Amino acid sequence: MAADGAVEPGPPAATAVPSPAPARAPAPGHFFRPISAEDEEQQPTEIESLCMNCYRDGMTRLLLTKIPFFREIIVSSFSCEHCGWNNTEIQSAGRIQDQGVRYTLTVRAPEDMNREVVKTDSATTRIPELDFEIPAFSQKGALTTVEGLITRAISGLEQDQPTRRAKEEAVAERIDEFIVKLKELKQVASPFTLIIDDPSGNSFVENPHAPRKDDALVIIHYNRTLQQEEMLGLQAEAPEEKPEEEDLRNEVLQFNTNCPECNAPAQTNMKLVQIPHFKEVIIMATNCENCGHRTNEVKSGGAVEPLGTRITFHITDLSDMTRDLLKSETCSVEIPELEFELGMAVLGGKFTTLEGLLKDIRELVTKNPFTLGDSSNPGQTEKLQEFSQKLDQILEGNMKVHFIMNDPAGNSYLQNVYAPEDDPEMKVERYKRTFDQNEELGLNDMKTEGYETGLAPQR
């Protein structure tokens, strides 16, 4: 139940108007003194002020004091001897703090009801057990106790009960039941939680064990949200405008080139793609409108990996054909059951599926011009037909084989459908490259340290 609208503040606070009446001020240099009933020198400043209820002169008393282990505050009290109206409130003598503060107090004993509480205008008070809340800026700030907060809430709820009973009896009955629950809290028959959340950071709940830790009190400091900054009247700093960076992942780049078949002008499309659980790759595709030739190629978007990669996959089901596959230019392919090996750079770089790569292999082998025609060896032709039939069986899921991808550069990939868990049918090995493999990749002659010394002096 929210107290917004139920806890109604009185008339506007009195407007202080300085007058010739003498005022008793604190001694110079001691404006903010620790609050204490035994300090006889600590006297409030009295100022004659205009009463906003009857518009006659009343008296405002200001007390500048300091809460132990907290900060300085100003306690203001106005009373009018003509109409009897009075009003009290507190204000923080300091600035709004850099962070907001949230006090969570577990009230377990009657002694906890006597804890001093500073509640500012911007603080929100909640009792979760009753689903009760006093919103920010619905009450004036107050220097009180836990019991005083509850008493003030009860007074606010009782304020318009006679009117409610006349107009909305059902609502008035529910509020009466809720007031009974609030009064039971003051007896501390069972523990309850009091939360004071103040974005300004100027509210306070006493720790009677200070400077020792209070197990019943939890204090959390937090960064304010933009809505809380606006609520406090603070102008949020505009975020620094960062120059817009070109996001290559969301667009296809085009550049002019020549067709590799007819040498006519053509366009090549290039797209940067992030492969899940792997890395970025660059897909390039060329389509010639003159001769209709099409080509596509995949390049790794990163550097050569420190270790080579060997992927061994056991094809056991037709669904394995749909796995995504990235074969770089430096990757070789083996199928031991067919005694087949595809060397590096053959078929180039490809981003396809396992089915797509096997079909490319079948087309590459069966349409080889050196194995076709009348001059071909009959025995070799039979072997190619047998190889093609076995590939068809693999593509149809009727033959179980091992598919091996060996990439010394470590830039090839086969989809793991169980990611991020391990695939029981896939084995990924990282190995150190040999001298010959580094030679094929051009890494042996690559100088990355101290190369500046070999440069000719600049003019």
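Here's what I pulled together on the structure shown here. Predicted model, so just to flag it, every value in this text is computed and none were measured.

## Considerations on the nonpolar core
Counting residues in hydrophobic clusters, the biggest one holds 32 residues, and the most contacted among them are I127, F132 and L182. Broken down by element, the residue count for this core peaks at six residues, all from helix α1 (residues 146-158). Counting residues in each nonpolar core, the second largest holds 27 residues, with M321, V333, L358 and F403 among its members.

## Some words on the environment of K367
Its location among the elements puts K367 in the loop between α5 (354-366) and α6 (378-395). Residue K367 is classed as exposed on the basis of its relative accessible area of 57%. The spatial distance from the C-alpha of K367 to the C-alpha of L384 is 9.9 Å, given a sequence separation of 17 residues.

## Structural notes on α5
At 3.6 residues per turn, the α-helix brings residues three or four places apart onto the same side. The first and last C-alpha atoms of α5 sit 18 Å apart over 13 residues, in line with the 18 Å expected at 1.5 Å per residue. Restricting attention to buried positions, one finds in α5 the residues L354, G356, L357, L358, I361 and V365.

## Examining the sheet that holds strand β20 (residues 324-327)
Taken in spatial order, the three strands line up as β23-β20-β25 in an open sheet, and their pairing is antiparallel. Each end of this open sheet is capped by a strand with a single partner; those strands are β23 (350-353) and β25 (413-414). As defined by bridge partners, β20 adjoins β23 across four bridges and the pair is classed as antiparallel. Residue L325 lies in a different strand from β23, and its bridge partner there is T352. Packing of α5 onto the sheet brings it into contact with β20 and β23, and relative to β23 it is tilted by some 110°.

## Re the pairing of strand β12 (residues 192-198)
β12 sits mainly inside the fold: seven of its seven residues count as buried. Burial along β12 is two-sided: the residues F192, L194, I196 and D198 and T193, I195 and D197 are all buried. Of the strand pairs in this sheet, strand β9 (residues 124-127) and β12 are connected by three bridges, and their pairing is antiparallel. The partner of T125 across the bridge, within β12, is I196.

## Observations regarding helix α3 (residues 169-186)
Helix length check: α3 (18 residues) gives 26 Å between terminal C-alpha atoms against 26 Å at 1.5 Å per residue, within 8%. Looking only at α3, the buried set comprises A172, I175, F178, I179, L182 and L185. Take α3 and look down its axis: the buried residues cluster within an arc of 125°, on one side only. For α3, the exposed residues lying more than 90 degrees away from the buried face are E169, R174 and E177. Looking at the buried side of α3, the elements it contacts are β9, β10 (132-134), α1, α2 (161-167) and β12. Downstream of α3 by a residue or two, V188 has a phi angle that is positive, lying close to 50°.

## Things to note about the sheet that holds strand β8 (residues 116-119)
Taken in spatial order, the three strands of this open sheet run β11-β8-β13, and their pairing is antiparallel. Each of the sheet's edge strands pairs with one partner strand only, and the pair in question is β11 (142-145) and β13 (204-205). Examined bridge by bridge, β8 and β11 share four bridges and lie antiparallel to one another. When the sheet's bridge partners are listed, V118 is paired in β11 with L143.

## Considering unusual backbone geometry
Backbone geometry places Y55, a non-glycine residue, at a positive phi of 60°. Structurally, the position occupied by Y55 is in the loop between β3 (45-50) and β4 (57-66). Using a relative accessible area of 56% as the deciding quantity, one classes Y55 as exposed.

Conventions we followed
Every chain begins its residue count from 1, and numbering advances along the sequence as written. This being a predicted model, a pLDDT of at least 70 is required before a residue's local features are given, and a value of 80 or more before pairs of side-chain atoms are given or counted; all residues contribute to the totals for chains, interfaces and linings. As a rule here, side-chain values cover all heavy atoms of the structure and leave hydrogens and water aside. Among the buried residues, those of types Ala, Val, Leu, Ile, Met, Phe, Trp, Tyr and Cys that are joined through side-chain atoms within 4.5 Å form a nonpolar core. Remark: exposure states derive from per-residue accessible area (1.4 Å probe, protein chains only) relative to the maximum for the residue type, with buried under 20%, exposed over 50%, and partly exposed in between. Counting from the N terminus, the helices are the DSSP runs of H or I reaching at least four residues and the strands are the DSSP runs of E reaching at least two. By this rule the span expected of a helix is its residue count minus one, scaled by 1.5 Å. When DSSP finds two or more bridges between a pair of strands, those strands are recorded as paired. In this description, contact between two residues means that some pair of their heavy atoms is separated by no more than 4.5 Å. In this description, a line fitted to the C-alpha atoms serves as the axis of each element, helices being fitted only across the stretch in contact, and the angle between N-to-C directions of two axes falls anywhere from 0 to 180 degrees. As used here, the arc is the angular range of directions from the helix axis to the C-beta atoms.

So yeah, pure geometry; function would need other evidence.
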